[in-house]
Amino acid sequence: MPSSHHDQSAYWMPFTGNRDFHASPRMLESAEGMYYRTTQGQKVLDGTAGLWCTPLGHRNARVVRAVQQAVEKLDYAPSFQLGHPQAFALAERLQAFTGGRFSRFFFTGSGSESVDTALKIALNYHRLRGEGSRTRLIGRERGYHGVGFGGISVGGIVGNRKPFGPLLPGVDHLPHTHLPERNAFTRGEPAHGAYLADDLERLVALHDASNIAAVIVEPVAGSTGVLVPPKGYLQRLREICTRHGILLVFDEVITGFGRLGTRFAFDHFGVEPDIVTTAKGLTNGTIPMGAVFVKDEIYQTFLERSAPGIELAHGYTYSGHPIACAAALATLDAFENDGVIENAVEQQNYWENALHALQGLPHVVDLRNLGIVAAIELESAPGKPGARAMAAFRSAFERGLLIRVTGDVIALSPPLTLQRTHIDELFGGLAAILRELR
Ligand SMILES: Cc1ncc(COP(=O)(O)O)c(C=O)c1O
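Residues numbered from 1 in each chain as written. Predicted model: local features only at pLDDT ≥ 70, side-chain atom pairs only at ≥ 80, totals over all residues.

Visitor: Explanation requested: the overall build of the protein in the structure shown.
Guide: Looking only at helices and strands, the protein features 16 helices and 15 strands. Its C-alpha atoms give the protein a radius of gyration of 22 Å, within 12% of the compact-globule value 22 Å for 438 residues. Along the first, second and third principal axes, the C-alpha atoms of the protein reach 65 × 55 × 45 Å. Here the protein holds 438 residues, and the buried ones make up 46% of them. Sequence-distant contacts, at least 24 apart, represent 72% of the contacts inside the protein between residues at least 6 apart. (Helix = DSSP H or I, 4+ residues; strand = E, 2+ residues; numbered from the N terminus. Rg over C-alpha atoms; globule rule 2.2 N^0.38 Å. Buried ≥ 20, exposed ≤ 12 C-beta atoms within 10 Å, placed from the backbone. Contact = placed C-beta atoms within 7 Å.)

Have a look at this one:
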């Protein structure tokens, strides 16, 4: 099939307007560093690190080499009752990479699987401790935790929930933290809104803590359009969870691996969750993989309290896939040796200033940022929510810029290997687009 072929009649594309795609197909053929190249030969600056998943930039040499070598040696190995050295090596490396704060690492194939795994571990943990009534799960409005039934149940994006029936029972949602009337155009963490964490006390009063298993939040909500947590919010959530014996799960599928200028968001905020879900940047997006980080006390509970035999009745065919493990090990090598996060930190101020220089351009009603993440919120066109940002997405792509849109928010999260020239190219192009946008 020629590479320019784009009659996808047999391909049901995910999270895509399949009917609209064919009118102006956007087809990627290759990638290197900060850029994609389309089947038409156009160079496209990757303003989104794919789907937030290539922090090292594309085709990182270490990762490519590791994958090539791995596939030559061991193409696949079952992880049920069998092991292979790479999976053990990766878990050990992650233990060191998290500063020893997490002791066990469960491997999955994606962020959605990591989320479902974390929720199941939380439920099973309480049951093993003799607190089997702790079954309620608490997510947050506007949260995104992937597309499994667990993830959409605790998630709070209405369009991802409403077509799929009643979902998991016994789920509540904290209010989201978006307060544009008080926090618009904040640089970094907004000042107002820590009190929103207190809603967890209301849920405890309503259900009693003895019925609540876990709270799951994204430290920075990404897919809903980049909601940076108010100062003190996550700390307060941690305090309330601790007070009531509720597990706190951080979904770090996009904030993990350098995005905020630290290895993980829990480093940035100085708040320690009990369980962390990751994926994406773990392998630089090269091979699908996720990992769930678990505190020692949780794992020890499984060892000590479960019946003889399998401690956790859970796992995936591709858990600890050898080629994914090789990609992840090489990704960690890059993080530890190539100054990737250091570069992100160095670029942060320039990134922030370039974003906030857009204030005052047509339609711009808010600008938000943290680390190498930014959001440009546009006023919706009357009666057409989402249409304006989608028009920006199309016109950006035509100009050679890949951005991501959700509702009327443009979300930006390029590879952490970006330089000032890329920041200029991205925001310069976006300024021109915003001036032309109707
Ligand atoms: C916070 C968060 N959790 C979970 C997921 C789901 O990951 P995946 O698409 O790999 O299943 C995503 C994906 O964007 C995410 O942003």
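Visitor: Would you explain the site of the ligand in this entry?
Guide: In the neighbourhood of the ligand, 15 residues make up the surrounding shell, with S110, G111, S112, G146 and V253 lying closest. Broken down by element, the residue count for the shell around the ligand peaks at three residues, all from helix α5 (residues 111–128). Within the shell around the ligand, the residues separate by chemical class into six nonpolar, seven polar and two charged. (Near = placed C-beta within 6 Å. Nonpolar A, V, L, I, M, F, W, Y, C, P; charged D, E, K, R; others polar.)

Visitor: Whenever I open this one, the nonpolar core confuses me. Can you help?
Guide: Judged by nonpolar contacts, the single largest core of 116 residues is most densely connected at A122, A214, V215, L237, V249, I275 and I410. With 11 residues, the top contributor of residues to this core is helix α13 (residues 322–337). Counting contributing residues, this core receives three or more from each of domain 1 (18–56 + 339–436) and domain 2 (64–337). (Core = buried A, V, L, I, M, F, W, Y, C linked by C-beta atoms within 7 Å. Domains from an automatic or database assignment.)

Visitor: What's the story with the domain arrangement of the protein in this structure? I'm lost.
Guide: Under the domain assignment used here, the protein contains domain 1 (18–56 + 339–436) and domain 2 (64–337). Of note, the centres of domain 1 and domain 2, computed from C-alpha atoms alone, are 26 Å apart. On the domain 2 side, the residues contacting the 31 residues of domain 1 number 28 residues. Of all the secondary-structure elements, those providing two or more residues to the side of domain 1 that touches domain 2 are α2 (49–52), α14 (340–356), β11 (364–370), β12 (373–378) and β15 (409–412). Broken down by class, the residue content of the side of domain 1 that touches domain 2 amounts to 17 nonpolar, 10 polar and four charged.

Visitor: Sorry if this is basic, but what is going on with the packing of helix α15 (residues 387–398) against helix α16 (residues 420–436) here?
Guide: Two measures define how a pair of helices packs: the angle their axes make with one another and the distance between the axes. At their nearest, the axes of α15 and α16 sit 10 Å apart, and the two run at 130° to each other. Classified by the interaxial angle, the pair formed by α15 and α16 is oblique. As for how α15 packs across α16, the hand of that crossing is right-handed. Across from A392, S395 and A396 in α15, the residues of α16 making contact are G429, L430 and I433. Counted by class, the contact of α15 with α16 contains four nonpolar, two polar and no charged residues. (Axes fitted to C-alpha atoms, helices over the stretch in contact; angles between N-to-C directions. Parallel < 35°, antiparallel > 145°, perpendicular 65-115°, else oblique. Left-handed = near helix turned anticlockwise from the far one by under 90°.)

Visitor: Just to check I follow, could you spell out the environment of T54 for this structure?
Guide: Mapped onto the secondary structure, T54 falls in the loop between α2 and α3 (61–73). When the 29 C-beta atoms within 10 Å are taken as the criterion, T54 is described as buried. Contacts of T54, omitting those with residues within four sequence positions, involve A49, N284, G285 and P415.

Visitor: Explain the pairing of strand β5 (residues 136–140) here, please?
Guide: On a regular strand, one side chain projects to one face of the sheet and the next to the other, so that they alternate. The buried fraction of β5 is high, at five of five residues. Side-chain alternation along β5 places R136, I138 and R140 on one buried face and L137 and G139 on a second face that is also buried. Across three bridges, β5 lies against strand β7 (residues 212–217) in parallel orientation. Across the sheet, residue I138 finds its bridge partner in β7, namely V215. (Pairing = 2+ DSSP bridges.)

Visitor: Please clarify how the sheet that holds strand β8 (residues 247–251) should be interpreted in this entry.
Guide: Across a sheet, strands are paired by hydrogen bonds formed along the backbone, either parallel or antiparallel in direction. Read across the open sheet, the seven strands follow the order β4-β10-β9-β8-β7-β5-β6; overall the sheet is mixed. Edge positions in the open sheet fall to β4 (104–108) and β6 (171–174), since each of these has one partner strand only. Going across the sheet, the axis of each strand differs from the next one's by a mean of 20°, ignoring polarity. Across four bridges, the pairing between β5 and β6 is parallel. Looking across to β6, one finds that I138 is bridged to D172. Contacting β4, β5, β7, β8, β9 (275–278) and β10 (290–294), α5 crosses the sheet at an angle of about 25° to β10.

Visitor: Which parts of the structure should I look at to understand α16?
Guide: Structural remark: α-helix, 3.6 residues per turn; residues separated by three or four positions point the same way. With 17 residues, α16 extends 24 Å from end C-alpha to end C-alpha; this agrees with the ideal 24 Å at 1.5 Å per step. Every buried residue belonging to α16 is among H422, I423, L426, F427, L430 and I433, and all of these are buried. The arc that holds the buried residues of α16, viewed along the axis, is 120°, so those residues lie on one side. Residues of α16 that are exposed and point more than 90 degrees away from the buried face comprise R420, T421, D424, R435 and E436. Contact partners of the buried residues in α16: β3 (43–46), α14, α15, β13 (401–402) and β15. (Expected span 1.5 Å × (residues − 1). Arc of directions from axis to C-beta.)

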